[in-house]
Amino acid sequence: MSGSWAIRGVRPLGGEPADLFIDNGELVDEEPAGAEVIDAAGLIALPGLVDLHTHLREPGREDAETVETGTAAAALGGFTAVHAMANTDPVADVAGVVEQVWRLGQDAGHCDVHPVGAVTVGLRGEHLAELGAMADSAARVRIFSDDGHCVHDPLLMRRALEYVRAFDGVIAQHAQDPRLTDGAQMNEGEQSARLGLAGWPAVAEEAVIARDCLLAAHVGGRVHFCHVSTAGSVELIRWAKGKGWNVTAEVTPHHLFLTDDVVSTYDPVFKVNPPLRTAEDVAALRAAVLDGTIDAIATDHAPHALEDKETEWAAAAFGMTGLETALPVVVAALLETGALDDAQLWPLVADRMSSRPAAIGRLSGHGQPLLPGAPANLVLVDPAATWTVDPARGASRGRNTPFAGRTLPARIVATFLRGRPTALDGKVA
Amino acid sequence: MNRHLLSAADLSRDDALLVLDTAEEMAQVADRPIKKLPTLRGRTVVNLFFEDSTRTRTSFELAAKRLSADVINFSAKGSSVSKGESLKDTALTLEAMGADAVVVRHWASGAPHRLAHWIRGSVLNAGDGTHEHPTQALLDAFTMRQRLGRLEGLNVGIVGDVLHSRVARSNVLLLHTLGADVTVVAPPTLLPVGVDAWPCAVSFDLDGVLPKCDVVMMLRVQRERMHGGFFPTTREYSRRYGLDARRLAMLPDDAIVMHPGPMNRGVEIAAEVADGVRSTIVEQVANGVSVRMAVLYLLLGGDLSAGSEDVA
């Protein structure tokens, strides 16, 4: 099924033009006989993108997304691996559910699906789920998260951080103090004061991050922070990393690009958790991506059925789609900093969207340098193309993109998963 | 004027003064034996109330009827939990019925903005969640001008649960537009984070503010706030932020006392203050009808005079 390919004149990581050859699912030295040729002049090659944070909604909300549609969207967005969050129905808190999701991913074949296991039974924050069984299952779970809910009980968090050391797991924390965010609707600040929406204060994220950095250091565990959204969180993570603690963090494309100013329309397409923050937060998050304080960019792709978004703001579901817009939005956000030239941009994108997330998820087959012998997981990007986001044209069932109508730079031309094209010319292959 | 009235910030100074001047003309109608004008004959006004509010609904209903509009009361009480017909479906229904104006009261901040997105008629915000209540601010400004003869340079204290008050938000914006100097007064727990960006002064000390107030507006303390941990006890709130006879005496001689109603007598306002000569509370209700007539008239471009209003 995976044929042989010759990708001519492509610029790996934005460097000098070269030819890449694929045979038998791997990158190879020499052009295989009868290889299909792609003229890739002007295109950039990156290792296939890896998402640490995807909601595929199956099982339970197949009206919003399925593993099939979500991973097709991933392929179109240049991803070769996604981590499927545990807040499905039933919750992915036992080996049976994570194996089901893993198998659905295999069957769909658009990209590798690595299920995230719940930290606690039913995401209820009371008892540890069978983390070891999920780690040992066919799905080989390494990332555990109650995402959508914070593991708020400090003792439970401590135990989780300790327990997963036995199988090199990591706890991905959704940092949100529940008491400080009761009924919260948007970032707490000038906009919430004006709009009369209940505020979600930065301190509710930062207080949990500070605590969990200290807990991880204390027990020698590995903590990862999901969707970091505030300047204060960045400072705390920078501090913890300075201490040499085992702390990693991700930021979403939307938190790198949008501020809470957009909430003034009350259009729930902009309602997300954690909420969009201020311009100062966006600047701090961008700087943290540049200097490596934030390790990874993760989509928090959260598709919702139309009726869950076409409502009053307070009644609407939290979340935005992200897989198909992630790379272009990140490129746009990083270029806006003015801090990068072309030679710096693409290696940075490859690191934050592929290599480092693969390392955090312990995925040995992804995020590798584009060298002979490596699995042929790669994406071809046209850096000169621009395109306008049309939610109706995506592969995701979710139409809730906050970027509808925006013109973005960089178009994904092709995605290869172990030598097999999963997306070609903007279509699912 | 804009097609909709969603926020007091939608009104320029000229717009706001036009509403107040028009309301004065409308007030004269109330003194006639036949309290009715033909200006909105054949137009349909829908009162869409997702929250109980007999006084506001009645006020709008009376205003629309005095302008000869056809009035439909559409009570769609529901909560975020009990999912009945969605706001969008309700909007599409009203659109199909040919509503020229929809007066909406809703528990969710921003619901009128969503509604305006889905229908062609004018949307009039009659109070949305903890956001705004622009016609309340207009009737308050009307009342101040009627009693004190001006708005420019008036010192207005707005006292109480500013955090959750749509009346406070609309009044701060409108009074600033009209040149008054507003001070919001509340315990720090009942002021929103971000209040510093509002065009008003902020104080925690009612006794310090009262002596310079031309107007003191007391806000209702909602029952659920009393148990929400925003202040230790209702008694302590009342002692520190309630308007009683002692505090009333601190006001300048011609200062007035306002309250948007309904009042918690003995909590934010003492009964003798509410019923005293400085209280404008009953006038506020009467003025509400005139102001709402003016807003409906201006939004729908009725033909009060020979001149034609722009139905933008």
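In what follows, the structure referred to is the one given above.
Bear in mind the structure is a predicted one, so any value in this text is a computation, not a measurement.

Asker: In this structure, what is going on with the sheet that holds strand S14 (residues 247-251) of chain A? I would like to understand it.
Answerer: Think of a sheet as strands paired side by side through backbone hydrogen bonds, with each pair either parallel or antiparallel. Residue and element names in this part refer to chain A. Taken in spatial order, the five strands line up as S9-S10-S13-S14-S15 in an open sheet, and their pairing is parallel. The sheet is open, and its two edges are formed by strand S9 (143-144) and strand S15 (296-297), each paired on a single side. Of the pairings in the sheet, the one linking S9 to strand S10 (residues 170-173) comprises two bridges and is parallel in character. Each bridged residue has a counterpart across the sheet, and for Ile143 the counterpart in S10 is Val170.

Asker: Whenever I open this one, the interface of chain A and chain B confuses me. Can you help?
Answerer: Of the residues lining the interface, 21 residues belong to chain A; the matching set on chain B comes to 22 residues. For the pair chain A and chain B, the summed buried surface comes to about 1600 Å²; carbon and sulfur atoms form 57% of the total. For the chain A face of the interface with chain B, the top three residues by lost area are Tyr266, Glu310 and Glu312 of chain A, together amounting to 36%. Summed over the shared surface of chain A and chain B, the result is two salt bridges.

Asker: Help me understand the environment of Val428 of chain A in this model?
Answerer: Residues and elements named next belong to chain A. By secondary structure assignment, the location of Val428 is in strand S19 (residues 427-428). Taking the C-alpha atoms as reference, Val428 lies 9.2 Å from Thr415; in sequence the two are 13 residues apart. Once residues lying within four places of it in the same chain are set aside, the contact partners of Val428 are Ala72, Leu76, His110, Thr422 and Ala423.

Asker: Explain the sheet that holds strand S4 (residues 122-128) of chain B to me, please; I cannot follow it from the model alone.
Answerer: All names here are of chain B. Taken together, four strands build an open sheet; the order of strands is S2-S1-S3-S4 and the sheet is parallel. Across the chains shown, the open sheet's two edge strands, defined by having one partner strand only, are strand S2 (70-75) and S4. Adjacent strand axes in the sheet meet at a mean angle of 15 degrees when their direction is disregarded. Note that strand S1 (residues 44-49) and strand S3 (residues 101-106) share five bridges and pair parallel. Across the sheet, residue Leu48 finds its bridge partner in S3, namely Val104. Lying on the sheet, helix H12 (residues 281-300) is in contact with S1, S3 and S4; it crosses S4 at an angle near 150 degrees.

Asker: Looking at this structure, how should I read the packing of aromatic side chains?
Answerer: When we look at a pair of aromatic rings, we describe it by the centre distance and by the angle of the planes. All names here are of chain A. Throughout the structure, instances matching the rule amount to seven aromatic pairs over all chains. Considering the side-chain rings of Phe257 and Phe403, the 5.8 Å spacing of their centres and the 70 degrees angle between planes classify their relative orientation as edge-to-face. Separated by 146 residues along the polypeptide, Phe257 in helix H8 (residues 253-257) and Phe403 in the loop between strand S16 (378-388) and strand S17 (407-417) bring together distant segments of the chain. The pair Phe257 / Phe403 is uniform in exposure class, with both members buried. The residue whose ring lies beneath Lys271 is Phe318, and the NZ or CZ to ring-centre distance is 4.6 Å.

How each quantity is defined
- Residues numbered from 1 in each chain as written.
- Chains lettered and ligands numbered in written order.
- Predicted model: local features only at pLDDT ≥ 70, side-chain atom pairs only at ≥ 80, totals over all residues.
- Heavy atoms only, no water.
- Pairing = 2+ DSSP bridges.
- Helix = DSSP H or I, 4+ residues; strand = E, 2+ residues; numbered from the N terminus.
- Contact = heavy atoms within 4.5 Å.
- Buried area = accessible area lost by both parts, 1.4 Å probe.
- Salt bridge = Lys/Arg side-chain N within 4 Å of Asp/Glu carboxyl O.
- Axes fitted to C-alpha atoms, helices over the stretch in contact; angles between N-to-C directions.
- Phe/Tyr/Trp six-rings, centres within 6.5 Å; stacked < 30°, edge-to-face > 60°.
- Buried < 20%, exposed > 50% of the residue type's maximum accessible area, 1.4 Å probe, protein only.
- Lys NZ or Arg CZ within 6 Å of the ring centre and 35° of its normal.

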